[in-house]
Amino acid sequence: DDQIEQERASQHLAGGCCALAAIYLMGKFYVANAGDSRAIIIRNGEIIPMSREFTPETERQRLQFLALLRPELLGKEFTHLEFPRRVQPKELGKKMLYRDQNMNGWAYKKIEEDDLKFPLIFGEGKKARMMATIGVTRGLGDHDLKVFSSNIHIKPFLSCFPEVRVYDLTQYEHCPDDVLVLGTDGLWDVTNDKEVAGVVMEVLTSYEPNDPCRYTMVAQELVVRSRGVLKERGWRLPNDKLGSGDDISVFVIPLGGPGNYT
């Protein structure tokens, strides 16, 4: 992240990205995630999560705590408190549900002038945004990102530090159908862990266990199914819902089998 900052002037590059990495070392997989990509292991049909997404919703308390400690980062436009909806001027003096950096649940407070500011975190699910700008809270870069039409920098709230999970391959016997799947949010926006596991098993069983291309074909099938088919109303999935409009990158890594991959 520091290197990206140093090179942005010389390379004339802006923007940023999430990062998901898997490292095999001395019999163990280390999976590091900073962003909203996801990794899962499928072992004997069981799904084992190897990461979690970092979004304004999942990191709400960290973001609110930072805003409480450094209110200057909010400019005069935002409040660190969260409300179920935008507070209207007519609601001044009335009570409304809210939560702060210490709360998992909700409580009531009397609405004050500061509460009329735009909330630090607003929206739900994939529509949740921090400072009405970005939907992911960890990653690399974005050193120049600002709130639209303002001089408020987003970078202080973004963390480049990943969460790391460890999987010990020596603790289990792995067959050729046991895999580690790494995918960007373009995959997970339109499918879930169970559906991905279903595609993995479906494609793998159509190839011989010692056929090395079977894993590439799984990754290709996951990409194709998530993109959908181009129709008059855009890219559509079999259920007629919109296909993924984001970039889709998928790795399928075997954990064992005849080739003694482990």
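The rules behind each value
- Residues numbered from 1 in each chain as written.
- Predicted model: local features only at pLDDT ≥ 70, side-chain atom pairs only at ≥ 80, totals over all residues.
- Heavy atoms only, no water.
- Salt bridge = Lys/Arg side-chain N within 4 Å of Asp/Glu carboxyl O.
- Helix = DSSP H or I, 4+ residues; strand = E, 2+ residues; numbered from the N terminus.
- Buried < 20%, exposed > 50% of the residue type's maximum accessible area, 1.4 Å probe, protein only.
- Disulfide = S-S within 2.5 Å.
- Domains from an automatic or database assignment.
- Contact = heavy atoms within 4.5 Å.
- Buried area = accessible area lost by both parts, 1.4 Å probe.
- Phe/Tyr/Trp six-rings, centres within 6.5 Å; stacked < 30°, edge-to-face > 60°.
- Lys NZ or Arg CZ within 6 Å of the ring centre and 35° of its normal.
- Core = buried A, V, L, I, M, F, W, Y, C linked by side-chain atoms within 4.5 Å.
- 1 Å grid on protein atoms, 1.4 Å probe; cavity = no way out; pocket = protein on both sides within 12 Å on 5 of 7 lines; lining within 4 Å.
- Points joined across faces, edges and corners; volume = space filled by probe spheres on them.
- Nonpolar A, V, L, I, M, F, W, Y, C, P; charged D, E, K, R; others polar.
- Polar contact = N/O pair within 3.5 Å; in protein donor to acceptor, adjacent residues only side chain to side chain.

Focus: the pattern of salt bridges
Step number 1: In this structure the tally under the stated criterion is 22 salt bridges.
Step number 2: A salt bridge links Asp144 to Arg8; the nearest nitrogen and oxygen atoms lie 2.4 Å apart. Remark: Arg8 occurs in helix α1 (residues 2–11) and Asp144 occurs in the loop between β12 (140–141) and β13 (163–168); sequence separation between them is 136 residues.
Step number 3: Its relative accessible area of 25% is what places Arg8 among the partly exposed residues.
Step number 4: Among the charged side chains, a salt-bridge network with shared partners connects Asp36, Lys126, Asp185 and Asp189.

Describing the state of the cysteines
Step number 1: Taken as a whole and judged by the stated rule, the model has zero disulfides.
Step number 2: Of all cysteine sulfurs, the one in Cys17 lies closest to Cys18, which takes part in no disulfide; the gap is 7.0 Å.

Overview of the domain arrangement of the chain
Step number 1: The domain boundaries assigned to the chain delineate domain 1 (1–52 + 162–254) and domain 2 (59–141).
Step number 2: Computed from C-alpha coordinates alone, the two centres of domain 1 and domain 2 are separated by 32 Å.
Step number 3: Listed per partner, the contact involves 14 residues of domain 1 and six residues of domain 2.
Step number 4: Approximately 800 Å² of surface area, both sides summed, lies buried where domain 1 meets domain 2, with 57% of it carried by carbon and sulfur atoms.
Step number 5: Linking domain 1 to domain 2 there are three salt bridges.
Step number 6: Asp36 serves as the salt-bridge partner of Lys126, at 3.8 Å between the closest nitrogen and oxygen.

Regarding the packing of aromatic side chains
Step number 1: This model, assessed by the stated rule, comprises four aromatic pairs.
Step number 2: Centroid distance Tyr167 to Tyr172: 5.7 Å. Interplanar angle 10 degrees. Geometry classified as stacked.
Step number 3: Each residue in the set Phe78, Phe118 and Phe122 is aromatic and connected to the rest through ring pairs, giving one cluster.
Step number 4: The ring of Tyr172 is capped by Arg43, whose NZ or CZ atom sits 3.7 Å from the centre of that ring.
Step number 5: The cationic tip of Arg138 hangs over the ring face of Phe54; the distance from NZ or CZ to the ring centre is 4.0 Å.

Here's the deal with the nonpolar core
Step number 1: Among the nonpolar cores identified, the biggest contains 19 residues, and Val179, Val181, Val196, Val200, Leu222, Val250 and Val252 are the most heavily contacted of them.
Step number 2: Of all the secondary-structure elements, those providing two or more residues to this core are β4 (38–43), β14 (179–183), α3 (185–188), α4 (193–204), α5 (214–227) and β17 (250–254).
Step number 3: Per element, the largest residue contribution to this core is six residues, and it comes from α4.
Step number 4: Among the nonpolar cores identified, the runner-up in size contains 17 residues, and Leu66, Ala67, Ile134 and Leu158 belong to it.

Focus: the layout of surface pockets
Step number 1: Its boundaries defined by the atoms lining it, the largest pocket holds a volume of some 570 Å³.
Step number 2: Counting only elements with at least two residues in the lining of the largest pocket, the list comes to β2 (19–25), β14 and α3.
Step number 3: Classifying every residue of the lining of the largest pocket gives nine nonpolar, seven polar and 10 charged.
Step number 4: Looking at which domains feed residues into the lining of the largest pocket, each of domain 1 (1–52 + 162–254) and domain 2 (59–141) supplies at least three.

What to know about the side chain of His174
Step number 1: Take His174: it is sitting in the loop between β13 and β14.
Step number 2: A distance of 2.8 Å separates the side chain of His174 from the side chain of Tyr167, its partner in a polar contact.
Step number 3: A polar contact of 3.4 Å, which involves the side chain of His174, links it to the backbone oxygen of Tyr172.

Overview of unusual backbone geometry
Step number 1: Residue Met26 is not a glycine yet carries a positive backbone phi of 50 degrees.
Step number 2: Take Met26: its relative accessible area is 78%, and that puts it in the exposed class.
Step number 3: The backbone phi angle of Ala132 is positive, close to 55 degrees, even though this residue is not glycine.
Step number 4: Summarising the element assignment, Ala132 is placed in the loop between β11 (129–130) and β12.

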